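Report on the structure
Residue-level listing of the chains:
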Amino acid sequence: MKLGIRSKLFAASIGLILASVFVFYAYTRARLEQEMTRTIREDLTVRAKLVALRAASAGVGMAPENTTAWDRLADELGAGASARVTFISKQGRVLGDSNVAPEALSGVESHGHRPEVANALNNDFGTSSRLSTTVNKQMLYIAVPLREHGAVVGVCRVAVPLTHVEKSMAVLRNVLAVAVILALALAVLLSSAAAHLASRSVRRLTETARALAGGNLNARSDVEGLDEYAELGRALDTLASNLSSSLRELRNERDRLSGILSGMQEGVLFLDHERNVALLNPALREMLLISPDVVGTTLGEAVQNAELRRLLECASRSNQPLTSEVQIRDLKPRHLLVRAAQLEGAEGGVFAVFVDVTEIRRLESVRRDFVANVSHELRTPVTAIRSAAETLQVAAADPKAAETFMPIIERNAERLQELVEDLLDLSRIESQKYSLKPERLDAEEVFVRVAGLFRERAARRRVSIEYQVARGALELWADPKAIEHVFTNLVDNAVKYAGDGAKVRLRAEAAEDGVVLSVEDDGPGIAKAHLPRLFERFYRVDTGRSRDLGGTGLGLSIVKHLVESMGGSIGVESQEGRGTSFLVRLPSAAAYESWRPPAA
């Protein structure tokens, strides 16, 4: 059976109390018996001396013939002393006995050899405790000498039965036993109370410790006092406070680390010493398209890319950090720059950081394509000009050759100039050096001005230009030169590529917080595959036709950058055989005025 601290303390206290009481009872009883026996002896000694003095003063002679007088004196003194009184002559003959009839005295044996009598005759005092053969009882004897004129003439012996002594001792033992029992009961009550008080503090400490072990770090013992339990309680409270503070700091550190990992654009992966996934952040889950429940799984289960697995496995065996670029060919292709290193320590593990360089590689590819396209676009007019110039140099005296090749040189020089100007415009727009001065503009006025610029060219190609503005004055917030450049380019493309006899329509409609301006044509349209790349630099749907019509391939890219610089957006909708529609969304003047900050 399991005992609590209270039961153990109570049992220990009872054991100590019982042992103490037993030793006390045994020792006290022996001492009291000795003390009572001594007291009785001293009392009998006093009575014996008093009896001897009384006998000496009675004037009774010690002659044997006076036994009757001696016996009568013994009876009288025995009754007064409450004891057996015996007078013995110096020769050992019993002269009188308070417990023996006078006629029986002659039959009593000689007492001269009795120890108390012999000691009294020799040492003035004798004592003995034995069974009396005369009265057949256990007796305590005290003997003193009888003197007459200074000489010892006999012995006066006083005796009491030991049963009287035993009765007195029994009464004393009973009193002692009752006292011991009462003391034991009181001690039991006191020990129970003390055990309860002690166990209450222990129970409070135990409850507090269990609460702390259960995760309740706000639990406190609040034990008062100056004893060891109170000191232990204060130490436990201090430990709880320190632990709570440490856990709070660890929790804050964990939350801070979790926030940092969640906010990082770089992916983070940690593998434990068994190559199981221990940690990964949301950025890495998005890069590798894996779910959050891969934590705890093996590397092979979490990472499907073989090249990436080999890199991480090599990093777990290498003492040096490894860096490599891995290409992920999944639903979302990516280029990842991975740096993996083995962590030092007993647990070890591998820590890897993933940087998404897909956009960088795309920009590098765009830069390479741009350089290649610029080189190609420049090479064509330069080659044409150089060839024409060489031909003119050979046939300088031929007027017909000059008439033939001079327009070629002029046309390619103009094309080269347009290309350089478009590149410079695009560069200024992208570097935000193109100064825009937006103001209130009427959509209808913009359409009228742009349509007037292309009226003659459209007439030559039998292309009609129409414009339609929704009811109500539509005012937009834009830069006049930029908006004219945008629609000039869009209308120019529509006139060029829609074909002879086509229709070009300019529309303006109000939209939520803005104005939608569109340029539509009913030409051959654009294939769906070309639409996502239509605003890229030097991208052409029909390369040969575009170059023949004088395009540089930068017009739509410049249009897109100008529209976005004015806070708008541009899109395209087209179907083959049904025409093309460019949609330009720009902020309205009213919307701009509603949120524009007041002038200083």
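To be clear, the structure that these remarks concern was listed above.
What comes next concerns the included structure. (Residues numbered from 1 in each chain as written. Predicted model: local features only at pLDDT ≥ 70, side-chain atom pairs only at ≥ 80, totals over all residues. Heavy atoms only, no water.)

1. Describing the overall build of the protein chain
- Helix and strand counts for the protein chain come out as 16 helices and 17 strands.
- Out of the 600 residues belonging to the protein chain, those deemed buried represent 37%.
- Taking the intrachain contacts of the protein chain between residues at least 6 apart in sequence as the baseline, contacts between residues at least 24 apart amount to 56%.
- With an accessible surface of roughly 35,000 Å², the protein chain has 54% of that area assigned to carbon and sulfur atoms. (Helix = DSSP H or I, 4+ residues; strand = E, 2+ residues; numbered from the N terminus. Buried < 20%, exposed > 50% of the residue type's maximum accessible area, 1.4 Å probe, protein only. Contact = heavy atoms within 4.5 Å. Areas by Shrake-Rupley, 256 points an atom, 1.4 Å probe, with all protein chains shown as cover.)

2. Considerations on the packing of helix H11 (residues 443–453) against helix H13 (residues 480–497)
- At a minimum axis distance of 10 Å, the contact between H11 and H13 shows a crossing angle of 50°. Overall, the two elements H11 and H13 adopt an arrangement that is oblique. Here the hand of the crossing between H11 and H13 comes out right-handed. Facing Val-446, Phe-447, Arg-449, Val-450 and Leu-453 of H11, the residues of H13 in contact are Ile-483, Glu-484, Phe-487, Thr-488 and Val-491.
- Each residue belonging to the contact of H11 with H13 can be placed in one class, and the counts come to seven nonpolar, one polar and two charged. (Axes fitted to C-alpha atoms, helices over the stretch in contact; angles between N-to-C directions. Parallel < 35°, antiparallel > 145°, perpendicular 65-115°, else oblique. Left-handed = near helix turned anticlockwise from the far one by under 90°. Nonpolar A, V, L, I, M, F, W, Y, C, P; charged D, E, K, R; others polar.)

3. Side note on the sheet that holds strand E6 (residues 267–271)
- Read across the open sheet, the five strands follow the order E7-E6-E10-E9-E8; overall the sheet is antiparallel. Looking at strand neighbours, the two that pair on one side only are strand E7 (277–280) and strand E8 (322–328), the edges of this open sheet. Sheet twist, expressed as the average angle between the axes of neighbouring strands with direction ignored, equals 20°.
- In this structure, strand E9 (residues 334–342) lies alongside strand E10 (residues 350–356), joined through seven bridges in antiparallel fashion. Counted as the bridge partner of Val-338 is Phe-354 from E10.
- Sheet contacts for helix H8 (residues 306–317): E6, E8, E9 and E10; angle to E8, the most-contacted strand, approximately 165°. (Pairing = 2+ DSSP bridges.)

4. Re the nonpolar core
- Of all hydrophobic cores here, the largest spans 43 residues; its most connected members are Leu-476, Ile-483, Phe-487, Leu-517 and Leu-586.
- Of all the elements in the fold, those that place two or more residues in this core are H11, strand E13 (475–478), H13, strand E14 (503–511), strand E15 (514–521), helix H15 (555–565), strand E16 (569–575) and strand E17 (579–586).
- It is H13 that contributes the most residues to this core, eight residues altogether.
- With near-sequence residues (within four places) excluded, Leu-476 lies in contact with Glu-439, Arg-440, Leu-441, Asp-442, Ala-443, Ile-483, Val-515, Leu-517, Leu-586, Pro-587, Ser-588 and Ala-589.
- Core analysis: the next-biggest nonpolar cluster, separate from the first, contains 24 residues, Met-287, Leu-288, Leu-311 and Ala-352 among them. (Core = buried A, V, L, I, M, F, W, Y, C linked by side-chain atoms within 4.5 Å.)

5. Some remarks on the sheet that holds strand E5 (residues 151–161)
- Reading across from one edge, E2-E1-E5-E4-E3 is the order of the five strands in this open sheet, with antiparallel pairing throughout. Whereas interior strands pair on both sides, the edge strands pair on one side only; in this sheet they are strand E2 (94–97) and strand E3 (126–132). Adjacent strand axes in the sheet meet at a mean angle of 25°, parallel and antiparallel pairs treated alike.
- The strands touched by helix H2 (residues 67–81) are strand E1 (84–89), E2 and strand E4 (137–148); relative to E2, the strand with the most contacts, the crossing angle is about 35°.

6. Regarding H8
- Between its first and last C-alpha, H8 extends 17 Å over twelve residues, near the 16 Å set by a 1.5 Å rise per residue.
- Listing the buried residues of H8 in full gives Leu-308, Leu-311, Leu-312, Ala-315 and Ser-316. Considered in projection along H8, the buried side chains sweep an arc of 135° and stay on one side of the axis.
- On its buried face, H8 is in contact with E6, helix H6 (282–288), helix H7 (299–302), E8, E9 and E10. (Expected span 1.5 Å × (residues − 1). Arc of directions from axis to C-beta.)

7. What about a nonpolar patch on the surface?
- A cluster of nonpolar side chains, contributed by Val-46, Leu-50 and Leu-53, occupies part of the molecular surface with about 310 Å² of accessible area.
- Here Leu-50 shows up in helix H1 (residues 5–58).
- Look at Leu-50 and you get exposed, because its relative accessible area is 52%. (Patch = residues over 30% accessible without salt bridge, like charges linked within 9 Å, V, L, I, M, F, W, Y side chains within 5 Å. Salt bridge = Lys/Arg side-chain N within 4 Å of Asp/Glu carboxyl O.)

8. Focus: the side chain of Asp-521
- As for its position among the elements, Asp-521 is in strand E15.
- Separated by 2.9 Å, the side chain of Asp-521 and the backbone nitrogen of Gly-523 make a polar contact. (Polar contact = N/O pair within 3.5 Å; in protein donor to acceptor, adjacent residues only side chain to side chain.)

9. Quick word on the pattern of salt bridges
- Counted under the stated rule, the structure contains 20 salt bridges.
- A salt bridge links Arg-47 to Asp-43, with the nearest nitrogen and oxygen atoms 2.8 Å apart. Pair noted here: Arg-47 and Asp-43 are both in helix H1, with a separation of four residues, about one helical turn.
- Each of Glu-325, Arg-361 and Glu-364 takes part in salt bridges that share partners, so that together they form one network.

10. Side note on the packing of aromatic side chains
- Tallied over the full model, the rule gives three aromatic pairs.
- With 6.3 Å between their ring centres and 85° between their planes, Phe-535 and Phe-582 make a pair best called edge-to-face. Remark: Phe-582 occurs in strand E17 and Phe-535 occurs in the loop between E15 and helix H14 (543–548); sequence separation between them is 47 residues.
- Residue class for Phe-535 comes out buried when judged on its relative accessible area of 14%.
- By relative accessible area, which is 8% here, Phe-582 ends up buried. (Phe/Tyr/Trp six-rings, centres within 6.5 Å; stacked < 30°, edge-to-face > 60°.)

11. Description of the pairing of E16
- The two faces of E16 differ: Ile-570, Val-572 and Ser-574 on one face are buried, but Ser-569, Gly-571, Glu-573 and Gln-575 on the other face are not.
- Pairing between E16 and E17: seven bridges, direction antiparallel. Paired with Gln-575 across the strands is Gly-579, a residue of E17.
- If you look at the hairpin formed by E16 and E17, you'll find three residues sitting between the two strands, and Gly-577 has a positive phi there, around 85°.

Don't take any of this as a statement about function, it's just geometry.
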